[in-house]
Protein chains: 2
Amino acid sequence: MVTLSEENYLKAIYHLSNHGSISVSTNAIAEKMETKASSVTDMIKKLADKNFVNYIKYHGASLTELGRLTAVLVIRKHRLWEMFLVSKLNFSWDEVHNVAEQLEHIKSEKLINELDAFLEFPTHDPHGDPIPDKNGNINTLDKVPLSTLQENQGSKLLSVKDSSDEFLRFLNKRNISIGDTINVLNIEPYDKSVQIRVNSKEMTITENVAENLYVKNVK
Amino acid sequence: MVTLSEENYLKAIYHLSNHGSISVSTNAIAEKMETKASSVTDMIKKLADKNFVNYIKYHGASLTELGRLTAVLVIRKHRLWEMFLVSKLNFSWDEVHNVAEQLEHIKSEKLINELDAFLEFPTHDPHGDPIPDKNGNINTLDKVPLSTLQENQGSKLLSVKDSSDEFLRFLNKRNISIGDTINVLNIEPYDKSVQIRVNSKEMTITENVAENLYVKNVK
DNA sequence: ACATATTTTTACTTAAAGGTAAATATTTTT
DNA sequence: AAAAATATTTACCTTTAAGTAAAAATATGT
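**Student:** What's the story with the sheet that holds strand S6 (residues 194–198) of chain B in this structure? I'm lost.
**Tutor:** Within a sheet, adjacent strands bond to each other through the backbone by hydrogen bonds, running parallel or antiparallel. All names here are of chain B. Pairing within the open sheet is antiparallel, and its 6 strands lie in the order S3-S8-S4-S5-S6-S7. At either end of the open sheet lies a strand with only one pairing partner, and these are strand S3 (144–145) and strand S7 (201–205). Where S6 meets S7, 5 bridges bridge the pair, whose relative direction is antiparallel. Bridge pairing in S7 places Val198 opposite Lys201.

Printed below as a string of structure tokens:
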């Protein structure tokens, strides 16, 4: 028994904590949720009471196994609904988020498992993120677009989405190759361009380029 | 801008008021919503402030045109989602209600209109109830199963769903014909059997029979 | 038509979820 | 290591939705 608001907090903590592996600060959650730190403190206490998080006063919260599972199952719903919207209802990738944020809270196991089957068990959502299975397993080592990483995240280039000659030539000129380690230094809020370091050289790439680079996360 | 709770009240009032045509008492709403009369009074005031209902103290509430439209658009969503669940996700008619009650509150015009198109513009939901169009028009004179009527509702028999020899013979034996006026006197909660008066004769029919009789509402 | 029964409203509580401002811890700087 | 800056918590307020109990209005029965 978990409320809509609790689900949103768990999701935020999951995303901020590198899939539930590390502890997250009150302020970081407040910023992500666009609310105030005092509200976050209250909610963390509630989540701790329900055994969704471990909480040490003044030292942030980390997900319990129950919390991680709950968060991942919400993310599963979010990504399956995104898939449905794009593949069946003519939504474009940038229109889905708002609606999927609502749909992810619908409570019905049958619904989500039937939807999964109806979509023929997709493994990735329209943004390239992996879809957790019904037991909460998710391939976090999977490739994701570089554009989905957060600041200070390290990664390794696995493949490209756009495999046109032009794009490969562009990468060549910048000395970027499959297998390279790419660190995200900074994301410009205005145009979502990404400052990266690759092969100890710093450079800035556009959002479009970042979307076409599939990487795997490195701690 | 209408809350989930307000939408549920508007829907209840719509169903209780013969499609918005008559005024509904506080107690009737409380019973339908499974809440207390005092809560209903509070909510009616809020709905009146927002111009969804006309409210005269101690004399119930009736839907304004805005209230009727809002209620009908929620019902449109409910019925389209029911259709989706049954025709695409292998739900049976008795499993859909709970989930559709949640889905009907998702806010996105594009979503519901694309869903409508995806389902190829169905005119009736799996229970035979008409689906309102995007402008809130609904064919209330349309045929509905006798089983969807409420107590003390009058109706006229339009057609049958089950057109087997056995069923038609059964109707014959009871002296029931197309065009007859059928009044619902009482619905037995235990087995949903319906006590009716037809041709000034009273009789009881099973839920199954009531589901197979299409009638139109008569005031 | 009046006494009684029923319905409806009012005033006061409660539980979520969020916000403000002040108090307290922790971290950083010098 | 003390002062300053930052982060977190606490105490208290607000709103929404629902509940309780008493008061007020309406409806009913004789």
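Don't stop here, the text continues.
**Student:** Sorry if this is basic, but what is going on with the protein's contact with DNA strand D here?
**Tutor:** Taken together, 20 residues lie near DNA strand D, and Lys45, Tyr55 and Lys57 of chain A together with Thr35 and Ser38 of chain B sit nearest. Each atom of DNA strand D within 4 Å of the protein was classed as base or backbone; sugar and phosphate made up 81%. Here a phosphate oxygen of DNA strand D sits 2.8 Å away from a polar atom, N or O, in the main chain of Asn27 of chain A. The side chain of Tyr9 of chain B places a nitrogen or oxygen atom 3.5 Å from a phosphate oxygen of DNA strand D. For the surface near DNA strand D, the secondary structure elements donating two or more residues are helix H2 (26–33) and helix H3 (37–49) of chain A together with helix H1 (4–16) and helix H3 (37–49) of chain B. Ranked by residue count, the leading element in the surface near DNA strand D is H3 of chain A, at 4 residues. Here the residues of the surface near DNA strand D are counted per class, giving 5 nonpolar, 11 polar and 4 charged.

**Student:** How should the relation of the copies chain A and chain B be read in this particular structure?
**Tutor:** Two copies of a chain can be linked by a rotation about an axis combined with a shift along that same axis. Rotating chain A by 180° and moving it 0.1 Å along the rotation axis overlays it on chain B with an RMSD of 0.1 Å. The operation mapping one copy onto its partner corresponds to a two-fold rotation axis. Judged by C-alpha distance, Leu103 of chain A is the residue of chain A that lies nearest the rotation axis, at 3.8 Å. The overlap is high: 100% of the interface residues of chain A also sit at the interface in chain B, so the same surface is used on both sides.

Reading the values: rules and limits
Residues numbered from 1 in each chain as written. Chains lettered and ligands numbered in written order. Predicted model: local features only at pLDDT ≥ 70, side-chain atom pairs only at ≥ 80, totals over all residues. Heavy atoms only, no water. Pairing = 2+ DSSP bridges. Helix = DSSP H or I, 4+ residues; strand = E, 2+ residues; numbered from the N terminus. Near = heavy atom within 4 Å. Polar contact = N/O pair within 3.5 Å; in protein donor to acceptor, adjacent residues only side chain to side chain. Nonpolar A, V, L, I, M, F, W, Y, C, P; charged D, E, K, R; others polar. Least-squares fit on C-alpha atoms with pLDDT ≥ 70 in both. Contact = heavy atoms within 4.5 Å.

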